[in-house]
Each structure stands twice: as structure tokens, then as C-alpha cells.
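Examination of the molecular architecture
So the chains spell out like this:
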Number of protein chains: 2
Amino acid sequence: MENLLKKASLKNTKQRSYILSVIMTSEGPIAAEEIYKSLLNENKKINLSTVYRTINVLSEKGVLLKTIREDGTASYQLNDLSHNHYLTCCVCHSSVLMDDCPIVELSERISKETGYKVTGHSLQLIGVCPNCLKNNYKK
Amino acid sequence: MENLLKKASLKNTKQRSYILSVIMTSEGPIAAEEIYKSLLNENKKINLSTVYRTINVLSEKGVLLKTIREDGTASYQLNDLSHNHYLTCCVCHSSVLMDDCPIVELSERISKETGYKVTGHSLQLIGVCPNCLKNNYKK
DNA sequence: ATAATTGCAAACACTTTGCATTTAT
DNA sequence: ATAAATGCAAAGTGTTTGCAATTAT
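Presented here is a report on the structure given in the accompanying data block. Values in this document were obtained by computation on a predicted structure and should not be read as measured data. Note that residues are indexed from 1 along each chain, following the sequence as it is written. Whichever chain is written first becomes A and whichever ligand is written first becomes 1, with later ones labelled in order. Local features in this predicted model are restricted to residues whose pLDDT is 70 or higher, and side-chain atom pairs enter the listing and the counts only when it is 80 or higher, whereas totals over whole chains, interfaces and linings include all residues. Based on all heavy atoms of the structure, the side-chain values leave hydrogens and waters out of the count.

All names here are of chain A. Pairing between strands is defined by DSSP: at least two bridges between them are needed. Helix and strand assignments follow DSSP, with helices taken as H or I runs no shorter than four residues and strands as E runs no shorter than two, numbered in order from the N terminus. Read across the open sheet, the three strands follow the order β1-β3-β2; overall the sheet is antiparallel. The two strands at the open ends of the sheet, each matched to only one other strand, are β1 (30-31) and β2 (64-68). It only takes one pair of heavy atoms within 4.5 Å for two residues to be counted as in contact. In this analysis an axis means a line fitted to C-alpha atoms, helices contributing only their contacting stretch, and an angle means the value between N-to-C directions, from 0 to 180 degrees. Contacts from helix α4 (residues 48-60) reach β2 and β3 (74-78), with the element oriented near 110 degrees to β2.

Right, here's the structure in full:
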């Protein structure tokens, strides 16, 4: 964890390690407010701005992968090979996590085509869940 | 265009057709505010709320594909086979359009696995553009 | 020592909502 | 006729920012 911070050339503060540990133990991509509340629950005092600033810098540095949910809130997870994406129902807004990511190969191809160094991505599938299908798209 | 509205069982109002025509002639995914300004430029009077309400309902009905940009603003395009995705630089926030979409096949597989009817997706690659690479990630 | 980070409060930007009026079916 | 859509203004929500105080190197 200190490694991650060093790699990003960021100072190792207790707030940052709190934030990282929440992200690392989270089931899926997690939003700023959720990180914040999770820390308050553990009696780790922190300011919400600090959470925002930290996840921003970490995702700019490529440590975190930023995914924006259908409602526009940003969520974050470690930028490793085993990260997840959501499939979200556009009727009832429920989500399921998909268990793999199809973008890895694509990234390399696009890198060559554009000259960009591709460091991450945001992917989310939208659909209608079985339940809403059954109820004819009624909420 | 009236077809699209009928398919979504929505009334055919002039505001809606204005909005659709802007989206159809746009280069890539376009945001609410941009649609709004584009219409004002053409002296088509419309309210920003109407734009928001229209694109929301159209994307819920699967007519539009909603993509959320790295800054959290939602952008919209027709949900057809030839839609585009962005590759955005996380340092200077410049974007390029990628010229195809790798998600079509994935969608079918996920449909079978989850029971969801997959109606769309949001994909965006994040990276560092050639220029920012050259400047060592400095803005 | 000093440059980076944090907390706080205030500002911001995008988006949504309630309600009265207008419009398409 | 009536249910849906629009305009307006006001509120909401997630996020960012300026600045003084604190902290890691």
C-alpha cells in the first residue's frame, strides 16, 4: 500500500492509507461518499474533501480505475487486472457486478493506433433486469 | 425520427424532434447543455429541463446511448451499431473518438449469463495523450 | 525547512423537481 | 377530453476550491 503511494510519488499520510484500505477491501468500485462513510464508521476521522482529492490524484496517477456510474457518481477500484464492471438496470437502477473485463486487449490495440498510453477505462453495461422485464418495464 | 419516437411510445413534439436532429447530426456523443446551446444558435427556443427530460426518457427507452464523460457529464448518441466512444487524456482532458465499439459481442454473452436484456453501455478509455507523455504528465 | 497535504466552509456545475400552462393524441 | 409534455424557477447532489493550519519528507 505504501508502495502504491511511493509509485505515485505521493506522501504517505494516514488519511491516504485509510482510503486505500477501504478501496482494497471493497467488493466492487466504491464512491467517495461511501469511502467517507465507511471510514467514519470505523471511527477514522477524515474530511470528505480529502477523500475526493486523494481518489482524484490516485486515478490520475493510474493507481485507481475510475468508473462513472449511470447516475453520474464516480466510483473507484484498484487498477489491476482483476477489476470489475457493473451491469445496471436502466429501469430500477439495480446493478450486478460482471466478473471480468473485456477491455485489456482492446487497450493495447488502441494504444498503437492513437499514440496514447492507455492507463484505464470506464465500462458499464446498461440493460433491463429480469425482474423489470417481467413487470414490463414498470418501476 | 418520428419512428424513433413512436417506437418509444412518446409524443411527437417539436422540441423532441429538434433534440433528435441535433443528436443525429452531431459528430460524437453530445451533452445536454451542448444540445441546448446548439438549438439556441439555430433560434429554436427550448428549455434546458426539456432537453434533460427528453434525453433521459430516450435513453431509458433504448433509443439513445448514454455515455458519461470523465468529468461526470452525461453525453448521448443514437443507440445504433455505428456509435462511438472516447479516449480521454487524464492529464489534459483532451479526447479523441475511437472508431468502433468492441462491446457488441460481449453484450450477447452477458445477456445469457445474467438474464438482463442488455440495451446499451457506456465505455470510455482513459490514458495519457502523446503530448502529455512528451511533457512528462505536466499540465 | 519547506513543500505537500489536510480541514473547513463556501462555491460550482450538472441535473432534477413541483407546479401551472400548453400541446399532442 | 385527457394524459403527456413543456417552461420556469427553485432545489438537490456530487464535486471542487481558496486559504489557513498541519504534517511528511
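Once the structure has been displayed, the description carries forward.
All names here are of chain B. Reading across from one edge, β1-β3-β2 is the order of the three strands in this open sheet, with antiparallel pairing throughout. Of all the strands in the sheet, just β1 (30-31) and β2 (64-68) have a single pairing partner and so form its edges. Where β1 meets strand β3 (residues 74-78), two bridges bridge the pair, whose relative direction is antiparallel. Directly across from A31, in β3, lies its bridge partner S75. Across the sheet, helix α4 (residues 48-60) lies against β2 and β3, angled at about 110 degrees from β2, the strand it touches most.

With that settled, the discussion passes to the relation of the copies chain B and chain A. Rotating chain B by 180 degrees and moving it 0.0 Å along the rotation axis overlays it on chain A with an RMSD of 0.0 Å. As the rotation angle and translation indicate, the two copies are arranged about a two-fold axis. Looking at the rotation axis and the C-alpha trace of chain B, the residue lying nearest is L123 of chain B, at 2.1 Å. The fraction of interface residues of chain B whose copies in chain A are also interface residues reaches 98%, indicating that both copies meet through the same surface. The copies were overlaid by least squares, fitting only the C-alpha atoms of residues that reach a pLDDT of 70 or more in each copy.

In this section: the packing of aromatic side chains. Any two rings among Phe, Tyr and Trp, with Trp reduced to its six-membered ring, count as a pair given centres within 6.5 Å; such a pair is stacked if its planes are under 30 degrees apart, edge-to-face if over 60, and tilted if neither. Considering all chains together, one arrives at zero aromatic pairs over all chains under this definition. A cation over an aromatic ring shows up here: K44 of chain A above the ring of Y18 of chain A, its NZ or CZ 5.1 Å from the ring centre. Remark: a charge is flagged as sitting over a ring if the NZ atom of Lys or the CZ atom of Arg is within 6 Å of the ring centre and within 35 degrees of the ring normal.

With that settled, consider the protein's contact with DNA strand D. Only a single heavy atom is needed: when it lies within 4 Å of a molecule or strand, its residue is near that molecule or strand. By nearness alone, 19 residues border DNA strand D, and Y52 of chain A together with T13, Q15, R16 and T50 of chain B come closest of all. Among atoms of DNA strand D positioned within 4 Å of the protein, sugar and phosphate together represent 68%. As used in this structure description, the phrase polar contact means that two N or O atoms lie within 3.5 Å; if the pair is within protein, one of them must be able to donate a hydrogen and the other to accept it, and residues adjacent in sequence are counted only when both atoms belong to side chains. At 3.1 Å from a sugar or linking oxygen of DNA strand D is found a side-chain nitrogen or oxygen belonging to K11 of chain B. Elements that contribute at least two residues to the surface near DNA strand D include exactly α4 of chain A together with α2 (14-25) and α4 of chain B. Amino acid classes used here: Ala, Val, Leu, Ile, Met, Phe, Trp, Tyr, Cys and Pro are nonpolar; Asp, Glu, Lys and Arg are charged; the rest, including Gly, are polar. Its residues assigned to classes, the surface near DNA strand D comprises four nonpolar, ten polar and five charged.

Time to look at the side chain of T88 of chain B. Tracing the chain through its elements places T88 of chain B in strand β4 (residues 85-89). Within the local environment of T88 of chain B, its side chain forms a polar contact with the side chain of Q124 of chain B, the two groups lying 2.9 Å apart. Ignoring sequence-local partners within four residues, the contact set of T88 of chain B consists of Y116 of chain A together with E70, H93, S94, S95, Q124, L125, I126 and G127 of chain B.

Looking now at unusual backbone geometry. Keep in mind that most residues, glycine aside, have a negative phi and that most peptide bonds are trans. Notably, S9 of chain A is not glycine yet its phi reads approximately 50 degrees, a positive angle. Think of it in three bands: with a 1.4 Å probe and only protein chains considered, a residue is buried below 20% of the maximum accessible area for its type, exposed above 50%, and partly exposed in between. According to the relative accessible area criterion, S9 of chain A is exposed, its value standing at 59%.

Let's shift gears to the interface of chain B and chain A. The interface is formed by 41 residues belonging to chain B together with 41 residues belonging to chain A. Buried area counts how much accessible surface, traced with a 1.4 Å probe, disappears from two parts once they are put together, with both parts' losses summed. Carbon and sulfur atoms make up 61% of the surface buried where chain B meets chain A, a total of about 3300 Å² over both sides. Just to be clear on terms, a salt bridge is a Lys or Arg side-chain nitrogen sitting within 4 Å of an Asp or Glu carboxyl oxygen. Remark: the boundary between chain B and chain A carries zero salt bridges. Across the chain B-chain A interface, the total number found is eight residue pairs in polar contact (both at pLDDT 80 or more). Sort the elements by how many residues they give to the side of chain B that touches chain A and strand β6 (residues 117-128) of chain B lands first, with twelve residues. Per-class residue counts for the side of chain B that touches chain A are 20 nonpolar, twelve polar and nine charged.

Don't take any of this as a statement about function, it's just geometry.
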